[in-house]
Amino acid sequence: MQDALRLLGNSPWSARLGMLVVLFYVVVAIFAPVLTPYGESEIVAAEYEPWSSEFLLGTDNLGRDMLTRLIYGARNTIGIALITTVLAFLIGCVAGFLAATLGGWADQAIGRVVDVLMAIPQLIFALLILTIVGTAIPILVVVIAVLDSTRVFRLSRAVAMNIVVMDYVEVARLRGEGLWWIMRREVLPNALPPLVAEFGLRFCFVFLLLSALSFLGLGIQPPTADWGSMVRDNATLITFGDFTPILPAASIALLTVGVNFIVDWFLHQTAGLKDE
Amino acid sequence: MNSGDSTTDVREPLLKMTGLRIEGQAGERWNEIVRGVDVVLHRGEVLGLIGESGAGKSTIGLAAMGYARPGCRLSGGDIVFDGMELRGAPEDRKRDLRGVRIAYVAQSAAAAFNPAHRLIDQFAEAPVHHGVKSRAEAEADAKDLYRRLQLPYPEQIGYRYPHQVSGGQLQRAMTAMAMSCRPDLIVFDEPTTALDVTTQIEVLAAIKDVVRHLDAAAIYITHDLAVVAQMADRIMVLRYGDLVEEGTADQIINRPREKYTRELLAVRTYRKPDAGPPSEAPLLRIEGVSARYSRSARVLEDVDLEIGRRRTVAVVGESGSGKSTLARVITGLLPPEEGRIFFEGEALPPALPGRNREMLRRLQMIYQMPDTALNPRQRLRDIIGRPLAFYLGLTGRKREDRVRELLEMIELDPDDFIDRYPTELSGGQKQRVCIARALAAQPDLIICDEVTSALDQLVAEEILKLLQRLQDELHLSYMFITHDLATVRAISDEIVVMLQGRIVEQGARNDVLTPPHHEYTNLLLSSVPEMKIGWLDRTLAEREKRRARGEQVMESADR
Amino acid sequence: MTQILTMVAQRLALGLLTLFVVSLIIFLGVELLPGDLTQAILGQAATEETVAAFRRELKLDLPPHERYVAWLGGILQGDLGHSLANKRAITELMGVRLWNTLFLAFISAAVAVPLALGLGILAALYRGTPYDRAVNIVTLSSISFPEFFVAYILILVLAVQLGWFPSISNIGEELGFWERVYRSILPALTLTLVVVAHMMRMTRAAIINLMASPYIEMANLKGLPRVRIIVRHALPNALAPIINVVVINLAYLVVGVVIVEVVFVYPGLGQLLIDAVRTRDIPVVQATGLFFAAAYILLNLTADVLSILTNPRLLHPR
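Residues numbered from 1 in each chain as written. Chains lettered and ligands numbered in written order. Predicted model: local features only at pLDDT ≥ 70, side-chain atom pairs only at ≥ 80, totals over all residues. Heavy atoms only, no water.

A. The sheet that holds strand β17 (residues 445-449) of chain B, seen in detail. All names here are of chain B. Judged by pairing direction, the sheet is mixed, and its six strands sit side by side in the order β16-β17-β18-β13-β19-β20 without closing on themselves. With one partner strand each, in any of the chains shown, β16 (363-366) and β20 (502-508) form the two edges of the open sheet. With strand direction ignored, the average angle separating the axes of adjacent strands in the sheet is 15°. The pairing of β17 with strand β18 (residues 477-482) spans five bridges and is classified as parallel. Within the sheet, the bridge partner assigned to aspartate 449 lies in β18 and is isoleucine 481. Packing of helix α18 (residues 457-474) onto the sheet brings it into contact with β13 (312-316), β16 and β18, and relative to β18 it is tilted by some 160°. (Pairing = 2+ DSSP bridges. Helix = DSSP H or I, 4+ residues; strand = E, 2+ residues; numbered from the N terminus. Axes fitted to C-alpha atoms, helices over the stretch in contact; angles between N-to-C directions. Contact = heavy atoms within 4.5 Å.)

Written out as structure tokens, the structure is:
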């Protein structure tokens, strides 16, 4: 505990850095049209133009401005990842709380389905489904959300299980409270801190999975600007020693690092509260 | 055997801690949890450390080994063991002492034994490692000590794993392990607190015998004055990290000087006046109830019970007696396999979902652990207010006024407490809030499941008195589930004794408490430590005498 | 002992059942193919005959349950069907690639597992020191990196700028062992870097959790030296959590292989899967997908069984 607390005292610089990064990304995503010099898929020059005052980061394989695509990429990739994570949480938390509160066969049934879904690696599963049903964005969102909700289910069920065995939940049951009331008033408020942390982690995971899919050419489709596919499209430049194509990958990495720093600090914070 | 080679004067104390200060970390700050306590212990002497939670007694016990738990530090004073300063001594120097000359017996033997190794391997570890004995000698010695401590099958039991033996046996095996190097000093940290009373008396006897036999010095830490009175030559009473009073066991028990010590001594003397026989038809009647958890063996077998209006029925038994299961059956959480339950002559539906709101309202429950019985994310206003809204439909001003009234009833200032969260309350205050929440429903019967066992003794006494006052004012009936016979004596009108899912004896308080008893009731009653010096020796001698006369003497299930 | 056998048997049965359900899902996925999607795959120019041939190839003219039985029966006999793209037997396509992938996964694991366990245990033991904090920041960052980010940075620095390793892992059967290792170093290094961070964090957490147990305090109070406490008291109980950590990460590695193979154009199963997905070569997708899922399930099953077998409470029942 002593060490955890000392760490807490020392870590805020990383958390602060994380928050700064996230804030920066949010601003860039929201004001993308204002910040960009050109249109999202506007072809402005020849392919693979080098860096210049006109094209700060050069142009891509089709002659579109790299910086513009990078900024729009923030908007698209983060937006879709966020929607997917929220959806995954809605599905996963409701199922998890239900399983924990109801117990018995309902818990068993949901649990078995989730076990099977989790037995298949997410990327492989996503690839399979996307091959068959196509890669339209709504499908992408639903498929990844459903797959990811299994992880959310596991956690929310585990957290809720620890809460459901508390005497205050039994008190509410003995009082005659309904299922919904118990879930909303007794379980949810106590499950919030670990779920908030998990939201950050799941967002990172979804974000990375989406980028991986896009990188493989199966995620967000052109001409929508997206960091994963930007890396893939311009990868040839790397063999010439140009690191421009790594920039979108670095953008992905920086954001997930930022979120992870915040979550890490938050987890320490809540763990510290518990110790008191 | 280790003291022979020491060169210090025999009259020098074995352990001398002066001005001991220990700090505990809370967030960024360090708070003092032991504030300058002096402890002196002579060879062969048993020192009792007694106090309620937060008194710092365990921390002092560990400090005697030069050890502070993670999150604590020995911040001041001297710890001199046999002429050696331990505070600030290098780790390897302390390591040479620990296990060899100073040994430790933890409260929960089940957690303190490593699950991956056999008992005898863990026994032999310290003597072999410190070069005191060979492996073969250590094993032979283990068997001797197991026999001395009256463990069953002393030759074989050491080859079992910790999870294969019972709690009382583990505690004895841990005492044996502490003895393995014949230490000069053993620290016993609440060694019997987790045990049932009938097991406790046997473990106490075993510990006392072996400490006396090996002529070791001991620090015996407990919250139970009656226990320490049996074990210690000298007693130190501690509170909030300060010494309250120190003296021989006889002085402390028979001639206490301080008010706090007197309060601790008086703690089990409260008695409810006799109520006489029940007058009207019973409020709750249980007929032939049997129950089991899915697929396990039956935990309740053919239980009949009546609870009259304004009566307190104490259901007493040890762990596994089925007393808490009985509460679950009555509340409808566990529908019985056979038998019926009547409330005011009307049959209650067996399962919770079948009962209507009015039935639920009239039967409330209070739990053992107030910490887990209150939602930490709700204010007292909501905790107490919810049953008011739910059962009685009170809203707004009316609800607020009633919550305040209830807070006053449980002796908490409404202005101060109504907006607090449970984490901002002490243990006793939390239990009061649980009582207020039950009262809010205006119930006829309250089931109290071990409501005082998690509380310090003085606080528990206050709660009992509060419950009694509320019964008198509000004409409540209580079903009081407990393992603690002192509580039973204090508050019950009638007593029900349970053993392994069956009722072995029931009746009015005085009938059950005065002989002749059922054999088990006798064992139970005679095992409760009394606040008298020499009680343990007398009781054991009495049992021995009866055995010698050829009488059957019941033993705890642990043996 | 019988209790343990039943538990292991239960897990195995559950694993088989899961595998069966997974095969069903992979197979039924194709059922979702609506009629016009056949056309979408083959293109608008496809004639009636080619569409019919395509449907026959996928055996879409038979009722689903018959097709499933035939498909599963084929797999059990080692016949995975034929590729739509080049008509070759899938077994033949997968053969060499399977070994390449296993080779890559094996050399990555051989480096990653001991490295991660060692560093993780050190971090736990020196908890709160600058080393631990540095490890925390570094691993936290590196688990946040997408695999292709790590891969391209390695290519840029080690292959393009320094020229130490080839940027494309073009391996074949004709190469000697060390030449294969040499050409696989960059993809293996990428996988190792990604997995080590995860594994280290989990190892550290498991050990810290363990060191807080009362029996560790007891061992301290028996005056045992630190090394003995760790070896005798912590390690036997740490086995189950550590096995769990290793296996979870191996499973993770199996999936990570897919992306790394694409980046380095490594001729493995992952590359095959992605190519098949792009060309919508459904029988190949099904076969490789089933393989990856099976490997994943098998690894998790191993973890389950091993953690049962190392639990003293189960090994020595009352």
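B. A look at the interface of chain A and chain C. The interface of chain A with chain C comprises 50 residues on the first partner and 46 residues on the second. Carbon and sulfur atoms supply 78% of the area that chain A and chain C bury against each other, a total of about 4,000 Å² over both sides. In this structure, the connection of chain A to chain C is made through one salt bridge. Note that Asp264(A) and Arg201(C) form a salt bridge whose closest N and O atoms lie 3.6 Å from each other. A per-element tally of the side of chain A that touches chain C places helix α11 (residues 246-275) of chain A first, with ten residues. Grouping the constituent residues of the side of chain A that touches chain C by class yields 34 nonpolar, ten polar and six charged. (Buried area = accessible area lost by both parts, 1.4 Å probe. Salt bridge = Lys/Arg side-chain N within 4 Å of Asp/Glu carboxyl O. Nonpolar A, V, L, I, M, F, W, Y, C, P; charged D, E, K, R; others polar.)

C. Quick peek at the interface of chain C and chain B. Counting residues at the interface gives 21 residues for chain C, matched by 28 residues for chain B. For the pair chain C and chain B, the summed buried surface comes to about 2,400 Å²; carbon and sulfur atoms form 56% of the total. Our count for the contact surface shared by chain C and chain B stands at four salt bridges. In this structure, the salt-bridge partner of Glu217(C) is Arg69(B), at a minimum N-O distance of 2.8 Å. Where chain C touches chain B, the interface holds twelve residue pairs in polar contact (both at pLDDT 80 or more). When residues of the side of chain C that touches chain B are traced back to their parent elements, those giving at least two are α9 (214-221), α10 (226-264) and α13 (312-315) of chain C. (Polar contact = N/O pair within 3.5 Å; in protein donor to acceptor, adjacent residues only side chain to side chain.)

D. Highlighting helix α4 (residues 64-76) of chain C. Residues and elements named next belong to chain C. The terminal C-alpha atoms of α4 lie 18 Å apart, and with 13 residues this matches the ideal 18 Å at 1.5 Å per residue to within 8%. All of the buried residues in α4 are Arg67, Tyr68, Trp71, Gly74 and Ile75. In an axial view of α4, the angular spread of the buried residues amounts to 130°, which keeps them on one side of the axis. Across from the buried face of α4, at angles greater than 90 degrees, the exposed residues are His65, Val69 and Leu76. Phi for glycine 78, located one or two positions after α4, is positive at around 85°. (Expected span 1.5 Å × (residues − 1). Buried < 20%, exposed > 50% of the residue type's maximum accessible area, 1.4 Å probe, protein only. Arc of directions from axis to C-beta.)

E. The side chain of Lys323(B), seen in detail. Residue and element names in this part refer to chain B. Relative to the helices and strands, lysine 323 is located in helix α11 (residues 323-331). Within the local environment of lysine 323, its side chain forms a polar contact with the backbone oxygen of glycine 317, the two atoms lying 3.2 Å apart. When near neighbours in sequence (up to four residues on either side) are disregarded, lysine 323 contacts Val315, Val316, Gly317, Glu318, Glu450, Ile481, Thr482, His483 and Met498.

F. Focus on the packing of helix α7 (residues 137-164) of chain A against helix α9 (residues 179-215) of chain A. Residues and elements named next belong to chain A. At a minimum axis distance of 9 Å, the contact between α7 and α9 shows a crossing angle of 150°. Considered as vectors, α7 and α9 are oriented roughly antiparallel to each other. Judged by the twist between their axes, the crossing of α7 over α9 is right-handed. In terms of residue class, the contact of α7 with α9 is made up of 17 nonpolar, two polar and five charged. (Parallel < 35°, antiparallel > 145°, perpendicular 65-115°, else oblique. Left-handed = near helix turned anticlockwise from the far one by under 90°.)

G. Geometry of the packing of aromatic side chains. One pass over the full model with this rule turns up 16 aromatic pairs over all chains. Between the aromatic rings of Phe145(C) and Phe149(C), the centroid separation amounts to 5.1 Å while the plane-to-plane angle is 80°, which identifies the pairing as edge-to-face. Under the relative-accessibility criterion, Phe149(C) is labelled buried at 9%. Here a set of aromatic residues connected by ring pairs shows up, and it is made of Phe24(A), Tyr25(A), Phe203(A), Phe207(A) and Trp227(A). The ring of Phe342(B) has Arg285(B) lying over it, and the distance from NZ or CZ to the ring centre is 4.6 Å. One residue, Arg420(B), lies across the ring of Phe417(B), its end atom 4.2 Å from the ring centre. (Phe/Tyr/Trp six-rings, centres within 6.5 Å; stacked < 30°, edge-to-face > 60°. Lys NZ or Arg CZ within 6 Å of the ring centre and 35° of its normal.)

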